[in-house]
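# Summary of structural features
Read off the chains here:
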There are 2 protein chains.
Amino acid sequence: MPGETAETAPAENATSQPEEPEKPAADGEAAKAAEDAAPEPEAPPEKEVRTVVLSGFGGINKVKVMRRTEPKPAEGEILVRVKACGLNFLDLMVRQGNLENPPKCPAVMGYECAGIVEALGEGVTGFEVGAHVLALSNLGAWCELVSVPAKHCFQIPMRMSFEDAAAFPINFLTAYIMLFEIGNLKKGKSVLVHSAGGGVGLAVAQLCKTVENVTVFGTASPHKHDTIKEHFDHLFLSGSDYTAEIRKISPSGVDIVLDCLCGDDTNKGIALLKPMGKYVLYGSSNIVTGETRSFFSSAKAWWQVDKVNPVKLYDENKTVGGFQLLRLLYDQNQPELIQETMATLLDMFANDRIKPVIDSCWAFEEVGEAMQKMHDHQNIGKLILDPGMDKTHKTPAETPDTSDADEVKGQQNEETPPAEAEAAAKE
Amino acid sequence: MPGETAETAPAENATSQPEEPEKPAADGEAAKAAEDAAPEPEAPPEKEVRTVVLSGFGGINKVKVMRRTEPKPAEGEILVRVKACGLNFLDLMVRQGNLENPPKCPAVMGYECAGIVEALGEGVTGFEVGAHVLALSNLGAWCELVSVPAKHCFQIPMRMSFEDAAAFPINFLTAYIMLFEIGNLKKGKSVLVHSAGGGVGLAVAQLCKTVENVTVFGTASPHKHDTIKEHFDHLFLSGSDYTAEIRKISPSGVDIVLDCLCGDDTNKGIALLKPMGKYVLYGSSNIVTGETRSFFSSAKAWWQVDKVNPVKLYDENKTVGGFQLLRLLYDQNQPELIQETMATLLDMFANDRIKPVIDSCWAFEEVGEAMQKMHDHQNIGKLILDPGMDKTHKTPAETPDTSDADEVKGQQNEETPPAEAEAAAKE
């Protein structure tokens, strides 16, 4: 796949117009909050914040750093001073317009972030200004200040870095729900996960190791194997005949297959299940083959998926399912499972049973470069955007103690020497 | 469905030749055991036992009570003196030859029984002669003496009646594995089960009630509603527009659908799932519409099942699976899950959290009548065959104390006055 990306524009292009004063049309809630505030006679001049905006669907040059009016929290919302944002493969698909319901552009990008509670909207209880939180947002998360519904906001321990916190929700919620809510993982079982070096892949590996005697198979690009091999029992090359390799080790197959590839890998995954095995589709990265949307790749990936006859599943004692976290949260409005699961996960983090693996951190202006790295499958673990950072990307400090008062003011990690960070970021 | 059975032969025909001395060809193990015993000079004459044999595929008249040589336990097997046998819908399908791999006829019928350990084959540990057990058998269970692999045999508490024990394994294992291993049932969830008045349906209802605040929907024939309504939150008529009725109560649908009907009910069940919902196919009773196999009914039921696109499951956060207990045990050779689950279930029984509902007990000679009752959906709970019983069927005594020495000799329950039993068996 990396070989197919030669035609993509250099990542620098994406950030050629940083701090452009052009403002995207203010969206509903923020605009309303601004209007509500307007009639007040002593109102100070409106402040602006920096944000990452998708100006239209396409390549990296469609992603721009812009300024917008500071949002205010509506009723039931929490205003968060953002210290770190998570980048997901989904953001690449959004950029390409490769979704069933793509957003209206211009739109502030991003689905997850972490930071400090700056203000509480009317009716919000259970949170205090100054608390450290992570948040899920239905787009809009890549901004210095974000207002999110309280039900999608979670207090984090003070010792959890903002980078860990921003890397946490989408990857670990997805991994946990697939393994335990759908896959019903128990001791002695085996799991296969693709993109083993990505955020979900490494979260799956860590969660599997919280259960006794679980065998974890993964597929990943060759250059990642050395770095991630400690997390997996068996690693295979992406694009290789992994089913044959797995059958050599476990002739009867595997108990749980977690598939973010789709296409023919869906058919392979279902065929690879043991009796009582469970297959879960949670992405379709096979449809992304270049910088911009390819109708051919999309069509090929969908067409290659064989439909499944429930009677065959009955004959074979198999289960096939799919999981889409954001669909569950925003279209299906089911926050309860997410809230329960997040509580469990934060508890596991507090007990040092899981910890996000972070590949590298990037300034807002470097978002294009970060996206290209993910597209090229060069990241090992999570890519983080840091709104307080200069243009020089870096790797995370070793779990900095964010309980320090200075860090509450948003200064954490900035002391990481750029040269050292640069070196560590290279794999 | 009951209306479609008018052409079936009267049940009495099935038992018109009881105790026929005709012997089925002795099958492998029993024959071998008999040969091994033969050369011994002082060997007593071979004893015979009564058994229910399928002479060929078709209607009730193909099921005959016959005598065969007493089996002897092979290595790793346990010889059980059978006191009660379970009748399942699957037995009707076997009789019709309505399976992918139908057995060779003549064949001793039956998949489950309970009784007393009579002898242990070589290498068997953990069991003692005289212990009460229940057993799963890959056919062959409807016989006065059965030899089964020790791994499919489970010791039962002395206070568990043989009828309860014979009613227990297939229904409760199926219900438990579907609810907890595939469906991942948790508090606050909702479950739909068809054939709510049958053995699995009532086991599902009881197991659901062991979890806090679970809503149980069922479909059943109208005449069963009064008797089973205590077990269900909402009951609908078989064949009614139950999905519309359920949507009135729960607009978003249900969390778990357990479907033994197949055909168009499969499509309805999948459509009825909530986000994160799980559908499990565990039977295809819609294909049985008359006394003998109907190719039209089979074809219709299979053709009506829509194939499922995994991408749609991903879009909708749904899971579709199937479960076939006997396939898991015998074709896929996975006894571990069964063993663990049986231990859990027997513990639940010992703590009075679950108890099989028994419709009625029947003599071997009445097997045709019992099959017809099941075919006509007239049973509420389990139909039991009792090899020690006269031709008069009866309802079970109230959990008789089988620890009594007399009962070990196979006399339990025979004191139930036939008239009273007959009355109670009528719904």
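Here, every reference points to the structure presented above.
Small disclaimer: the values here were computed from a predicted structure and weren't measured.

### Description of the relation of the copies chain A and chain B
Relating one copy of the chain to the other takes a rotation about an axis and a shift parallel to that axis. Once chain A is rotated about the relating axis by 180 degrees and shifted along it by 0.0 Å, it coincides with chain B to within an RMSD of 0.0 Å. The operation mapping one copy onto its partner corresponds to a two-fold rotation axis.

### Digging into the side chain of A:Thr210
Residues and elements named next belong to chain A. Examined against the element boundaries, threonine 210 turns out to sit in the loop between α5 (199-208) and β10 (215-220). Look at threonine 210 and you get buried, because its relative accessible area is 19%. Ignoring any residue separated from it by four or fewer positions in sequence, one finds threonine 210 in contact with Phe180, Met348, Arg353 and Ile354.

### Describing the interface of chain A and chain B
Every contact between the two is made by 41 residues of chain A and, on the other side, 41 residues of chain B. Approximately 3,500 Å² of surface area, both sides summed, lies buried where chain A meets chain B, with 57% of it carried by carbon and sulfur atoms. Interface area lost by chain A to chain B is led by A:Met276, A:Pro310 and A:Tyr314, which between them contribute 19%. Inspection of the chain A/chain B interface yields three salt bridges. Taken together, the links from chain A to chain B amount to 24 residue pairs in polar contact (both at pLDDT 80 or more).

### Concerning empty space enclosed by the protein
Scanning all chains against the criterion turns up three cavities of 30 Å³ or more. If you add up the space inside the largest cavity, you get close to 110 Å³. If you trace the largest cavity, you find it lined by A:Gly183, A:Asn184, A:Leu185, A:Lys189, A:Asp255, A:Ile256, A:Pro275, A:Met276, A:Lys278, B:Glu181 and B:Leu337. In terms of residue count, the dominant contributor to the lining of the largest cavity is strand β13 (residues 273-281) of chain A (three residues). Here the lining of the largest cavity is composed, by residue class, of five nonpolar, two polar and four charged.

### Considerations on helix α13 (residues 367-375) of chain A
All names here are of chain A. For α13, a buried count of eight out of nine residues is recorded, marking the element as mostly surrounded by other parts of the structure. For α13, the set of buried residues is Val367, Gly368, Ala370, Met371, Gln372, Lys373, Met374 and His375. Count one or two residues on from α13 and you reach histidine 377, which has phi positive near 55 degrees.

### As for the sheet that holds strand β12 (residues 254-259) of chain A
As summarised here, the arrangement of the 12 strands in space is β11(A)-β10(A)-β9(A)-β12(A)-β13(A)-β14(A)-β14(B)-β13(B)-β12(B)-β9(B)-β10(B)-β11(B), forming an open sheet in which the pairing is mixed. Bordering the open sheet on either side are β11 (234-237) of chain A together with β11 (234-237) of chain B, each of which pairs with just one other strand. Averaged over all adjacent pairs, the angle separating strand axes in this sheet is 15 degrees, with direction ignored.

### Concerning the packing of helix α4 (residues 169-182) of chain A against helix α12 (residues 335-350) of chain A
Residues and elements named next belong to chain A. Closest axis-to-axis distance for the α4/α12 pair is 10 Å, and the angle between their directions is 105 degrees. Compared by their axis directions, α4 and α12 come out roughly perpendicular. Contacts between α4 and α12 involve Pro169, Phe172, Leu173, Tyr176, Ile177 and Glu181 from the first element and Leu337, Ile338, Thr341, Met342, Thr344, Leu345 and Met348 from the second. For the contact of α4 with α12, the residue count by class is 10 nonpolar, two polar and one charged.

Parameters at a glance
- Residues numbered from 1 in each chain as written.
- Chains lettered and ligands numbered in written order.
- Predicted model: local features only at pLDDT ≥ 70, side-chain atom pairs only at ≥ 80, totals over all residues.
- Heavy atoms only, no water.
- Least-squares fit on C-alpha atoms with pLDDT ≥ 70 in both.
- Helix = DSSP H or I, 4+ residues; strand = E, 2+ residues; numbered from the N terminus.
- Buried < 20%, exposed > 50% of the residue type's maximum accessible area, 1.4 Å probe, protein only.
- Contact = heavy atoms within 4.5 Å.
- Buried area = accessible area lost by both parts, 1.4 Å probe.
- Salt bridge = Lys/Arg side-chain N within 4 Å of Asp/Glu carboxyl O.
- Polar contact = N/O pair within 3.5 Å; in protein donor to acceptor, adjacent residues only side chain to side chain.
- 1 Å grid on protein atoms, 1.4 Å probe; cavity = no way out; pocket = protein on both sides within 12 Å on 5 of 7 lines; lining within 4 Å.
- Points joined across faces, edges and corners; volume = space filled by probe spheres on them.
- Nonpolar A, V, L, I, M, F, W, Y, C, P; charged D, E, K, R; others polar.
- Pairing = 2+ DSSP bridges.
- Axes fitted to C-alpha atoms, helices over the stretch in contact; angles between N-to-C directions.
- Parallel < 35°, antiparallel > 145°, perpendicular 65-115°, else oblique.

Distances and angles like these do not, on their own, reveal function.
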